[in-house]
Amino acid sequence: LGRRTDGTAPGVEAVFDTLFSRDGAAASSSPIQRFVTSLESVEIRQVVELDAADEGRVDQFVEAADGKVRFRLSASGSLSDGRLDFAFDNAYLDAYGVRLPYPVPFKLLGDEAKGFLDT
């Protein structure tokens, strides 16, 4: 667990900070994200599809090598002044042909569900 670069800690991370006094912790990805991205049997890719008005979708895919298990995290996106802003709004796990919604209340997360890429 970590902190944002501005020093704040959201949700569960704030609880851990309070319980274990993690002052000065550096920003980081989640332990689950670090574990999954370290696996050689997993392919991770990002697809950005924008229309002529520079609006569209930003999708992250995490897929097992055999293609039978895939996690998709999807966001609406727009490009402005060399920056791609996006807000996550949909996620699901597709395992062996069964699609399961990923239960994250993106709208309730507000800014926590948003991000950007400088282009």
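Residues numbered from 1 in each chain as written. Predicted model: local features only at pLDDT ≥ 70, side-chain atom pairs only at ≥ 80, totals over all residues. Heavy atoms only, no water.

Q: Could you give an account of the overall build of the protein, naming the residues involved and the relevant values?
A: Regarding its fold elements, the protein presents three helices and six strands. Beginning at the N terminus, the succession of helices and strands in the protein can be written as α-α-β-β-β-β-β-α-β. Evaluated residue by residue, the protein yields a buried proportion of 19% over its 119 residues. The long-range share in the protein, meaning contacts at least 24 apart out of those at least 6 apart in sequence, stands at 33%. Accessible surface for the protein amounts to roughly 8,300 Å². Of this, 56% is attributable to carbon and sulfur atoms. (Helix = DSSP H or I, 4+ residues; strand = E, 2+ residues; numbered from the N terminus. Buried < 20%, exposed > 50% of the residue type's maximum accessible area, 1.4 Å probe, protein only. Contact = heavy atoms within 4.5 Å. Areas by Shrake-Rupley, 256 points an atom, 1.4 Å probe, with all protein chains shown as cover.)

Q: Describe the side chain of glutamine 60, with residues and values.
A: Here glutamine 60 lies in strand 2 (residues 55-64). Separated by 2.4 Å, the side chains of glutamine 60 and glutamine 46 make a polar contact. When residues no more than four places from it in sequence are discounted, the contact partners of glutamine 60 are Arg45, Gln46, Phe71, Arg72, Leu73 and Phe88. (Polar contact = N/O pair within 3.5 Å; in protein donor to acceptor, adjacent residues only side chain to side chain.)

Q: Tell me about the nonpolar core, and name the residues and values.
A: In terms of nonpolar packing, the biggest core is built from nine residues, these being Val58, Leu73, Ala75, Leu84, Phe86, Phe88, Ala91, Phe106 and Ala113. Every element with two or more residues in this core is listed here: strand 3 (69-80) and strand 4 (83-95). Counting residues per element, this core draws most heavily on strand 4, which supplies four residues. The contact partners of alanine 75, leaving out residues within four places of it in the chain, are Gly56, Arg57, Val58, Asp59, Phe86, Ala87, Phe88 and Asp89. (Core = buried A, V, L, I, M, F, W, Y, C linked by side-chain atoms within 4.5 Å.)

Q: Lay out the pairing of strand 2 in plain terms, naming residues and giving numbers.
A: Inspection of the sheet shows strand 1 (residues 42-50) paired to strand 2 by nine bridges, in the antiparallel sense. Following the sheet pairing, glutamate 49 is matched in strand 2 by arginine 57. Where strand 1 hands over to strand 2, the hairpin turn is made up of four residues, of which aspartate 54 adopts a positive phi near 60 degrees. Note: strand 2 against strand 3, nine bridges, orientation antiparallel. Bridge pairing in strand 3 places phenylalanine 61 opposite arginine 72. What sits between strand 2 and strand 3 in their antiparallel hairpin is a turn of four residues, with glycine 67 showing a positive phi close to 75 degrees. (Pairing = 2+ DSSP bridges.)

Q: Account for the packing of aromatic side chains, naming residues and giving values.
A: Applying the stated criterion across every chain, the model contains two aromatic pairs. On the basis of an interplanar angle of 75 degrees and a centroid distance of 5.0 Å, the ring pair of phenylalanine 71 and tyrosine 102 is categorised as edge-to-face. Residue phenylalanine 71 is found in strand 3, and its partner tyrosine 102 is found in the loop between strand 5 (98-101) and helix 3 (106-109); the two are separated by 31 residues along the sequence. The partly exposed category is assigned to tyrosine 102, whose relative accessible area is 42%. Measuring from ring centre to ring centre gives 5.3 Å for phenylalanine 86 and phenylalanine 88, while their planes differ by 75 degrees; the resulting arrangement is edge-to-face. Assigned by exposure class, phenylalanine 86 and phenylalanine 88 land together as buried. In this structure, arginine 45 packs its charged tip against the face of phenylalanine 61, placed 4.5 Å from the ring centre. Over the aromatic face of phenylalanine 116 sits the side chain of arginine 83, whose NZ or CZ is 3.9 Å from the ring centroid. (Phe/Tyr/Trp six-rings, centres within 6.5 Å; stacked < 30°, edge-to-face > 60°. Lys NZ or Arg CZ within 6 Å of the ring centre and 35° of its normal.)

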